[in-house]
Every structure is written in structure tokens, then in C-alpha cells.
Protein chains: 4
Amino acid sequence: MANSKYEYVRHFETDDSLLPNTWIIIRIDGKGFHKFSQSHKFNKPNDRRAIDLMNHCAKAVMKELHDIMLAYGQSDEFSFVFPKWSNLYSRRASKLVSTVVSIFTANYVLAWPQFFENVCLAYAPSFDSRAVCYPSDQNLRDYLAWRQADCHINNLYNTTFWSLVLNGGKSEQEAEKALCGSFSKDKHEILFSDFQINYNNVEAIYRKGSTVIRLPQEVTYVSAKTKELGTRIKKIPTAVFEDIISPEFWDKYQLLLPDTKGK
Amino acid sequence: MANSKYEYVRHFETDDSLLPNTWIIIRIDGKGFHKFSQSHKFNKPNDRRAIDLMNHCAKAVMKELHDIMLAYGQSDEFSFVFPKWSNLYSRRASKLVSTVVSIFTANYVLAWPQFFENVCLAYAPSFDSRAVCYPSDQNLRDYLAWRQADCHINNLYNTTFWSLVLNGGKSEQEAEKALCGSFSKDKHEILFSDFQINYNNVEAIYRKGSTVIRLPQEVTYVSAKTKELGTRIKKIPTAVFEDIISPEFWDKYQLLLPDTKGK
Amino acid sequence: MANSKYEYVRHFETDDSLLPNTWIIIRIDGKGFHKFSQSHKFNKPNDRRAIDLMNHCAKAVMKELHDIMLAYGQSDEFSFVFPKWSNLYSRRASKLVSTVVSIFTANYVLAWPQFFENVCLAYAPSFDSRAVCYPSDQNLRDYLAWRQADCHINNLYNTTFWSLVLNGGKSEQEAEKALCGSFSKDKHEILFSDFQINYNNVEAIYRKGSTVIRLPQEVTYVSAKTKELGTRIKKIPTAVFEDIISPEFWDKYQLLLPDTKGK
Amino acid sequence: MANSKYEYVRHFETDDSLLPNTWIIIRIDGKGFHKFSQSHKFNKPNDRRAIDLMNHCAKAVMKELHDIMLAYGQSDEFSFVFPKWSNLYSRRASKLVSTVVSIFTANYVLAWPQFFENVCLAYAPSFDSRAVCYPSDQNLRDYLAWRQADCHINNLYNTTFWSLVLNGGKSEQEAEKALCGSFSKDKHEILFSDFQINYNNVEAIYRKGSTVIRLPQEVTYVSAKTKELGTRIKKIPTAVFEDIISPEFWDKYQLLLPDTKGK
């Protein structure tokens, strides 16, 4: 039962390595999360537990894959940014795509009870994942802007929609009809006039999504030699809720894109 | 904050759909499972709980993705076979690769306590995943034969190795040395002479790996009309532990490869 | 001026090798041949010199690339069939695509004066080229059927159109209008009633296109030893003008697809 | 004989479009040009007619494909640079690869008699072709530097080798042996001491290869209105023989890479 006569089948694998010197984005998306959020009674328009869990998983991915420079998440999706110089898994698309989604998924299920106390996971949630390359820093920033603008548009809609339903006594159909064809300013107006909500005061985590970057943080450690406690600075994946479209963000965290100056 | 000016970034996604009319294999592999099995004190040479958990996850994948015809697993890997005619996710490689690995991983973590009672999951296990196309039925069978021959070679080695260590009083280094350069028949001989083990009597699940196919099974149901209990035949993903290299398997389950006759 | 510091740029080349064990078709298409045929006053509806030149070039490609099993041409296109087992240029798509089109183009220009006596080549004609893989024999036959059905449809139209224009005294616009929405049988009828042409008697080279296969032929040679003339059988790329859709062709030339029986 | 039942075969074509916003290089290489140059008695170490013909063909390609910004040629190869923003043929690799090589080949055969008077083309020469993407301007310049460094290394070797053979009375084997393991400065020394050749005075076209760029040139035209002769400035593909490794070239022709300043 020698293996050699079958080994020819290995040559059917194709090389799917991604172009060098480009930014690699791995984006994961929840599979059937509309149904999943209903089954597990997520709060509307946003469930803070669900967002915190997503962010926890993104950090776990970044702790395992050190090349990742930044991750941006909103709703049931998260995008992971590998720098141009990364050679992780020889830049093979399927390795990157599958490893990121698998680490994320495992942590989602494992950490669920921490974030959703007293809510049993009714079934196994899953995500899909894809890889896209961006050659220039501008392309990368436009990609992230695309996702954050999407977050804004959806969150403004959802905030208004659920205000109408939960506090305005409308049915879901009525709310949908009321918002059909409405502009951004109309939604701001409804929120303000009917529900005394200034949208700009809604918590940033909902309006801006979560950006996980490695920020220096003081950590405590036990010296191997002296057995004494000490502190040192370590870079820890940390979620911030900022505007990543405007140049200020990139000026502030200049190490992310050293060549750009947020222009 | 209109989204449209950033939408051009979508066109950087490349089409990774797989050639039509070919068998698609998605194979997942445990990431760092040597360490994972040690951390969780897996029994040696095989841990039945771990194998049963793997098979449980494979069945879960097949219950969610109905196109999958067969799955073959051994050690920390599982291969899923999509038929030539499958058009799931328009045959996009990254979608297939990521969805299979994510469903598998989620179920692994979720079902862990069922299979490993009293063993806490110390950290999140993960898998990678890849896609390979095979044009002919013979290629497909040779692929599966390759994995089963690999299972055989490794299991014979591991069974002998751990007999030497656990029952023969050898250190791991000594056992490794004793087996270095040994042939198949030498290992059979050591097992038989030194440990009274006839390798061919080792349970098939260890020697042959697990093949999950959809077998007809009588299932009980409650009639929607009469509220009475009834039974009907349903095809349920079921693990068998057979030789899939020899033609008998393919003759027996002819529906799998209708054009072949196990030749 | 050492080369080594720049050599990293080689790693940006991606592996474009085609899936093993599939039929490879390389199809070339004339670039701007509508204008080219007008500039060089090709006869209408078909110019025998142009077809003969195309066939000459296809044979030249097959004489240089021995793996090619069959070529099928019509109008300004030619498809070259590489067998499943071919490993020419390690099956790299760009190598196959470029080599075939370059040999074809070179021969087209070089042999032009032989076929178009007294017609000067006004400018350099060119072709594009693409590669497609087909996993099964049936896919291959359907591909060829697709091209031959295309030949039939276009030739019936063109034959009728140019009869109306050249012999029926219609302008091109009038002829186009007359044929707009017409069925196959209508065109047969026009040809027969108005121009006494039984379309089925039109020469097969126009109705069926050209299929170039390697047919055994007696060739004369000079013996190296005895310096005497001898004859032997050699397989020579030869154009036939047959129906390649129906099974008879594949029965007749069974060596082309040994596993099929033209079914 | 409807075509529709076979049209499914179109879906086997895969999308091979190249990543947007990257430089595309199409490089063609002579196929078997060692033999071709011998068959046609090319002068050694360089045949000016052959180089002029190559440059003529490169210009012809650039006249037909207006997106091409620059072409660099040496020996039997030519690289064509498409700018990042080019969307020619939707950036499909096989279209670009095949069209460039076909136009080049056609012009090579067509213009041969102009450049090689009294030398008959014994057979059809051909080229292969490939596509590579480069994300950054620095990558592009390093690619071109790689080819020009290659030109330098080969030309220095060939110049010395053929001096030894043609003027030094050595056989080809002896010359090869004499140069085996020699450094650049050794070859300079041999040329200078034995043959009174200062390599740096060898014509730049041989030492530097040919770079074809679109340079403004005064062209004469006949006014459509007045029928009078006029002159205007037009950008014409023109060969220069400069050092493209050093920044001076990119400073001089800044329009080529507006963002770089030859740094």
C-alpha cells in the first residue's frame, strides 16, 4: 500500500500566491447572520455584546498572526490588513483566507459564553472569507473608507428604523415604508424630532465601527531572574472607534502608513 | 459620506471560480495539532474521542452543504468531495474553502464538551483549508487512495511507536531509532512478537480512517396532518471505516460514481 | 552593475499552469479582420486563398508543436487541441497562448505571397489567442461542435447575403433587411429559388470549416545508407472538411479519442 | 444545427484579468533564436540589422497599442510597459500577451527584407510572451534595471568572447574556457590589452540596449482645408540608448513617471 503511485495527485494543486508588494485584505462575513441574530435575540439596532465578541475575535486573530497591521469591523464582517511586505504562508490566498476565518470562528464559539451570559449558542455560526490585493496606500485607505461609509449608511438607517419600530409604535413594514427614498438628513430629522436623538451623539462604536490596531500599553510581568514584578511597554491589539476616512486618523497613527501623511 | 466614490475598490477582487465539470476537493488540516493534542492529553496512538469529534464535524459540514458527496478523514485532516456538477457559490474557491473550514471549526469548538467530557478547551483550535480540482473519476479515486494510504502508513508507524514507548519501556528517542529505516513487515513483526498485536485486527477506524457518505436510514417523524408518528427513509451522513482504495467500495456504493464500476 | 539586487522582480511572475488531465484548447482570432479582408479585397462570401493560407498556417503550427492532436478553423479563427496528457511548456497558459499565435502569425505573413499572388500585404495582420481547459471528451466535442455550428450559421447567412448583393442586385442594406429575422429554411429557399443554389452542394470547406488532423501518408525519402529512394508512412497534418459534430467523424478517426466511440 | 446547446462551453473560460493599478509588463522572447541567428548568419557579437529590426517591430507595437508607455529591448527580447491606469482589453492577460506578440511577430516577418537585404527568411521565426504586474514605480524601475544589467553582462561577455574567436584566433571552446570564472574587469582588460577596445566606447545601442519612448517630433501634414503643407508636434515612438538604471533617465523624461523624481 505504498503511497507513491498516488502522489501524482499533488500536482493538481494550483499556486494561488498573491502578488508581492501589495496590501492584502482578508475580509470575513457572517453566514446567515440575519437569522443568527434573530435566533439569539440580538438587541436592535445594535447588540453591544455581539460587537464586543467580534472585536474579541479580531484581537485573537491579530495575536496569532503577527503580520496583521490593522483590522476593521462592523456588523457581522471584519477586514484584516496584511502589509505589503508580509510573506505569511508565502502569500498563498487559500492559506490566508482559511486560517483567518478559522481562528476567528473558533474564538467566536469559544468566547460566546463570556459575552452572551445566559444565552446558549443554538447552533454553530460560521463565516466566509476572501482575499483582495491593493497596490497603493490610497487604494487601501479607500477600501477602509468604503467599509466605514457602509457602516455609517447602515447604522443611520438601522437606528432610525428601530426607533420607529421600538419607540414609534410602527410595524416593521410601516417603518420600511416611512424610510423608503429618504435621504440622510431626513433620517437625522426623524431621529431628532420624533425621538430626541442627536445621531452624532450616538456612541462612536456604532457609528464608526471598530478599528483594531496595535497600541503600546504598559503590561506587568514577572522577571525570570529576580522573580520580581516589573512593567514594560508592549503593543497590544486594541479597538478604537474613530473616523478612518479622514486624514487625521492616519496622521495620528503614522506608523501604520509611514509613507503617507494622511493626505 | 456617500459610498460611491470608494466602490471602485470592489473591482480589485479577482474571479477565483474553479473549472466546471471537475471534482472539487476541499481539504482542511489542523493547525499546530501536534501541540494541541499534547496540550489536551490526547491518547496515543489514537484518541477515539478526537476522531469521533472530527467525524461529528464532518457530518455537520455535510448537513449544511448538501452538494458534498463524500468526506474522508484521518488524523487532523478531512477532505470534502464536491461533485463535478456542483455549482455551490458559483464554484468560487475562496467561498468554498472558507465556508467549509468555518463550519468545521465552529462545530469542533461547540461540540468539544460532548466528546471530551471533563477536558476544558485550553485555547481555540484552528484549521487551514485548500481547494483542488480533479478532472476524472480515476483522479478522484487516486486522491482518496493517497489519503488512505497515508493514513495506513502513519497509523502503522504510530501504533508500533507508541507500543514501544507505552508498553515496551522505550523512550521516544529509542522508539524512533528502533523504527528508523524499518519496512512495513518489520513493524507488523514487532507488534506481533513483542506486543501480541495482530495489526490487521486493530479497529478499522484507526487503520482505514473515516469515510462519511450519505446512507439511507429509517427516521421517525410526526405527521403534520395526523400528528401521528411515522417512519421514512432519509439519507444521513454516516461514517464507515472501509477500504476505499479497492474497487469493492465503489461497487458497493455505486451511486457515488455512477459511471465507474469500481474498475 | 551586478544583476542580483534586481532579481527579486522575478518573483512577481505568477504560475499560470493549466489544470493537468484536461484538454487544452488554444484558439486564435484575427484582429480587425473585417477591415483586413476589405483592404485586401477578399472574395465574398469566401476567399479560397484566405482559407488555404489559414490552413497552411495551422499545419505549420502542428508541424512545430507535435503534441497538438487536431485543429479546427473557420473564418479568421483556428482552435488547436492539446491532449489531456500534454505537458508542453509545463502547461503554462501564457507560453502556450503566445507560442501558438506567434508561429501562426509568422507563417501567415511569410506564406502570404504564395497564396495571394500579386496582392501586396498592405500592413501586418495580427491575431489574439486564449486558452481554455475542458475536462471531459464530451466537453471537447461540444466545444468543436460549437465552433462548427457557428461556421454553418455564418456561412449560410453570408452565402445568401452575398448572393443577394452580387447576383440579386440588392444593396448591402437591402440584403441585410431581407434576411433580418429569417430562419435557416428561408435562406435555403432564397438560395434555391432565386439563385439555383442547393446549399448542400456548396463546397464542404465552406460549409464545414477545416479540420486538420495527422493522417498517415506515403512519403518519399532518401536512404542514408544506400542513397536510394524509398517510401514510408508518416503522419502529416492534413485538412479534411467533414462534419465533426456527428459521431461518425469520431468513429472514423478513433485514434483521436480512443476512449470514446463517437457516442 | 442550433448553436445554443453547445454554448455552455463558453463558461469554461476563466477570467485572467490582471490586478488594477499595477504596471503591466509584457515581455516577448525569441523562440530558438540561437539557431535562428546562426541560420541567418547574424554578425557577432551583435548584428545591427537584427537590432534595428527588433526596434522597428517594437515601434510598430507601440503605434498600434497607444497605452504602451515605454519598451525596452536587448538581444532577442523586448519588454512593453503598460501604465497602471491602462484598461486595454480589460487587462486580460491572454489578450495582452497574445496581441503584443502577434503584432511584433507579423512586423518582424513583414519588415525582414527591409533590414536584411539579400537575406532570405529561411523559416518563420517566433516569440513567446508573458505578463507580469508590478505594484510600485520602484518595482518597475528595478525590473527595467534587471533587464539592462542583463544586457550589460551578456554584451560584455559576448564582445570579449567574439573578439577572442574572430580576432584572437581562438576556437569557441578555447574562448569559453578563457572566460570561465572571469570577472567584469578581466574582460575589460582582455578587450583593452589584446584588442585595443575600450569597452566604454562600444556603441551605446549594444551596451545599453534600446529604450523606445514616445518623443515629440515635428511632423509634416497636409491641411484638409487649405491643402497646404504644415508642421505640427506629434509624439512618435523613438529608440534611445541610454542608461535607464540611473535616476538621470527618469529625471530627464519625467512624464514617464510623474510621481517619482528619479530618486
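Under an unreviewed UniProt entry, the name given to chain A is tRNA(His) guanylyltransferase, and the organism recorded is Hesseltinella vesiculosa. If you open the UniProt record of chain A and go to Function (unreviewed entry), you find "Adds a GMP to the 5'-end of tRNA(His) after transcription and RNase P cleavage."

Caption draft 1: Just the UniProt feature "binding site: GTP" (unreviewed entry) in chain A, in detail. Per the UniProt annotation, the sites labelled "binding site: GTP" (unreviewed entry) are A:Asp29, A:Gly30, A:Lys31, A:Gly32, A:Phe33, A:His34, A:Ser75 and A:Asp76. Considering the C-alpha atoms alone, the annotated residues occupy 48 residues of sequence yet fold into one spot, their largest mutual distance being 12.4 Å. Here A:Lys31 is to be found in the loop between β1 (23-30) and α1 (33-39). Each residue touching A:Lys31, except ones within four places of it in the same chain, is listed here: A:Ser126, A:Phe127, B:Glu64, B:Tyr89, B:Thr99 and B:Ile103. Here A:Gly32 shows up in the loop between β1 and α1. We classify A:Gly32 as partly exposed; its relative accessible area is 48%.

Caption draft 2: Spatial organisation of the interface of chain A and chain D. Between chain A and chain D, the contact holds eight residues from the first and eight residues from the second. Summed over both sides, the interface of chain A with chain D buries roughly 550 Å², with 63% coming from carbon and sulfur. Of all residues in chain A, the largest losses of buried area upon contact with chain D belong to A:Leu19, A:Asn21 and A:Pro135, amounting jointly to 74% of the total for that side. Inspection of the region where chain A meets chain D yields zero salt bridges. Between the two partners, chain A and chain D, sit four residue pairs in polar contact (both at pLDDT 80 or more). Taken together, the residues that form the side of chain A that touches chain D break down as four nonpolar, four polar and no charged.

Caption draft 3: Seen up close, the packing of helix α4 (residues 137-167) of chain C against helix α6 (residues 184-195) of chain C. Residue and element names in this part refer to chain C. Relative to each other, α4 and α6 sit at 35°, their axes nearing to 10 Å. Crossing handedness for the pair α4 and α6: left-handed. Between α4 and α6, the contacting residues are His152, Leu156, Tyr157, Thr159, Thr160, Ser163, Leu164 and Asn167 on the first element and Ser184, Lys187, His188, Ile190, Leu191 and Phe195 on the second.

Caption draft 4: The arrangement of the packing of aromatic side chains in detail. Residue and element names in this part refer to chain A. Counted under the stated rule, the structure contains 96 aromatic pairs over all chains. The interplanar angle of 15° and the centroid separation of 6.0 Å between the aromatic rings of tyrosine 157 and phenylalanine 161 together place this pair among those described as stacked. Here phenylalanine 161 and tyrosine 157 lie together in helix α4 (residues 137-167), a separation of four residues that amounts to about one turn. Phenylalanine 161 sits in the buried class, given a relative accessible area of 8%.

Caption draft 5: Seen up close, helix α3 (residues 93-115) of chain D. All names here are of chain D. In this model α3 runs 31 Å from its N-terminal to its C-terminal C-alpha over 23 residues, within 8% of the 33 Å that 1.5 Å per residue would give. At valine 109, α3 shows its largest bend, some 35°, and a proline, proline 113, comes one to four positions later. Taken across its 23 residues, α3 has 19 buried, putting it largely inside the fold.

Caption draft 6: Geometry of the sheet that holds strand β5 (residues 210-222) of chain A. Residues and elements named next belong to chain A. One open sheet accounts for six strands, arranged β4-β1-β3-β2-β5-β6; its pairing is antiparallel. What marks the edges here is a single partner per strand, and that holds for β4 (127-134) and β6 (229-240). Pairwise comparison of adjacent strand axes, ignoring direction, gives a mean angle of 25° for this sheet. Sheet analysis places β1 next to β4, joined by eight bridges and oriented antiparallel. The residue bridging isoleucine 26 from the neighbouring strand is alanine 131, located in β4. Seen against the sheet, helix α2 (residues 48-64) touches β2 (70-74), β3 (77-82), β4, β5 and β6 and runs at an angle of roughly 65° to β5.

Caption draft 7: Molecular detail of the relation of the copies chain A and chain D. Under the fitted operation, chain A is carried onto chain D by 0.0 Å of movement along the axis and a turn of 180°, and the coordinates agree to an RMSD of 0.1 Å. The superposition of one copy onto the other is thereby described by a two-fold rotation axis. Taking C-alpha positions as the reference, the residue of chain A nearest the rotation axis is A:Pro135, at 2.6 Å. A shared binding surface is used by both copies, with 100% of the interface residues of chain A retained as interface residues in chain D.

Caption draft 8: Main features of the sheet that holds strand β1 (residues 23-31) of chain B. Judged by pairing direction, the sheet is antiparallel, and its six strands sit side by side in the order β4-β1-β3-β2-β5-β6 (chain B) without closing on themselves. Both edges of this open sheet fall to β4 (126-134) and β6 (229-240) of chain B, since each of them pairs with a single strand only. Direction aside, neighbouring strands of the sheet carry axes that sit 25° apart on average. Strand direction decides the pairing type here: strand β5 (residues 210-222) of chain B and β6(B), joined by twelve bridges, are antiparallel. Across the sheet, residue B:Pro216 finds its bridge partner in β6(B), namely B:Lys235. Together, β1 and β4 of chain B form the strand contacts of helix α3 (residues 93-115) of chain A, whose direction differs from that of β4(B) by roughly 140°. Here helix α2 (residues 48-64) of chain B sits on the sheet and contacts β2 (70-74), β3 (77-82), β4, β5 and β6 of chain B; the angle it forms with β5(B), its principal contact strand, is near 65°.

Caption draft 9: Seen up close, unusual backbone geometry. A cis geometry characterises the amide bond from A:Lys44 onward to A:Pro45, with omega recorded as 0°. Position of A:Pro45 relative to the elements: it lies in the loop between α1 and α2. Of note in this structure, C:Lys227 is not a glycine but carries a positive phi near 60°. Looking at the element boundaries, C:Lys227 is found in the loop between β5 (210-222) and β6 (229-240). The backbone phi angle of D:Tyr89 is positive, close to 50°, even though this residue is not glycine.

How each quantity is defined
Within every chain, residues take consecutive numbers counted from 1 along the sequence as written. Working convention: letters from A go to chains and numbers from 1 go to ligands, in the order in which they are written. Whole-chain, interface and lining totals are the exception, using all residues; otherwise, since this is a predicted model, local features are given only for residues with pLDDT of at least 70 and side-chain atom pairs are given and counted only at 80 or more. Excluded from the side-chain calculations are hydrogens and water; all other atoms, namely the structure's heavy atoms, are used. UniProt positions are given in the numbering used here, feature names are shortened, and annotations may be inferred rather than shown by experiment. By the criteria applied, helices consist of DSSP H or I runs no shorter than four residues and strands consist of E runs no shorter than two, each listed in order from the N terminus. The contact criterion used throughout is that any non-hydrogen atoms of two residues lie within 4.5 Å. Note on classification: 1.4 Å probe, protein chains only; a residue is buried when its accessible area is under 20% of the maximum for its type, exposed when over 50%, partly exposed between these limits. Computed with a 1.4 Å rolling probe, the buried area is the accessible surface lost when two parts are put together, summed over both parts. Here, a salt bridge means any side-chain nitrogen of Lys or Arg that lies within 4 Å of a carboxyl oxygen of Asp or Glu. Think of a polar contact as two N or O atoms within 3.5 Å of one another; within protein, one of them needs to be a possible hydrogen donor and the other a possible acceptor, and neighboring residues in sequence only count if both atoms come from side chains. All amino acids are sorted into three groups, where Ala, Val, Leu, Ile, Met, Phe, Trp, Tyr, Cys and Pro are nonpolar, Asp, Glu, Lys and Arg are charged, and the leftover types, Gly among them, are polar. Comment: axis = line fitted to C-alpha atoms, over the contacting stretch for helices; angle = value between 0 and 180 degrees taken between N-to-C directions. Left-handed describes a crossing whose near helix is turned anticlockwise from the far helix through less than a right angle; right-handed describes the clockwise counterpart. To pair, rings of Phe, Tyr and Trp, with the six-membered ring standing in for Trp, must have centres within 6.5 Å; the planes then decide the type, stacked if under 30 degrees apart, edge-to-face if over 60, and tilted in the middle. One less than the number of residues in a helix, times 1.5 Å, gives the span that helix is expected to have. Axes are fitted to the seven residues ending at a residue and to the seven starting at it; the angle between these axes is taken as the bend at that residue. For two strands to pair, DSSP has to find at least two bridges joining them. Residues below a pLDDT of 70 in either copy are left out; the C-alpha atoms of the rest, at least 70 in both, set the least-squares superposition of the copies.

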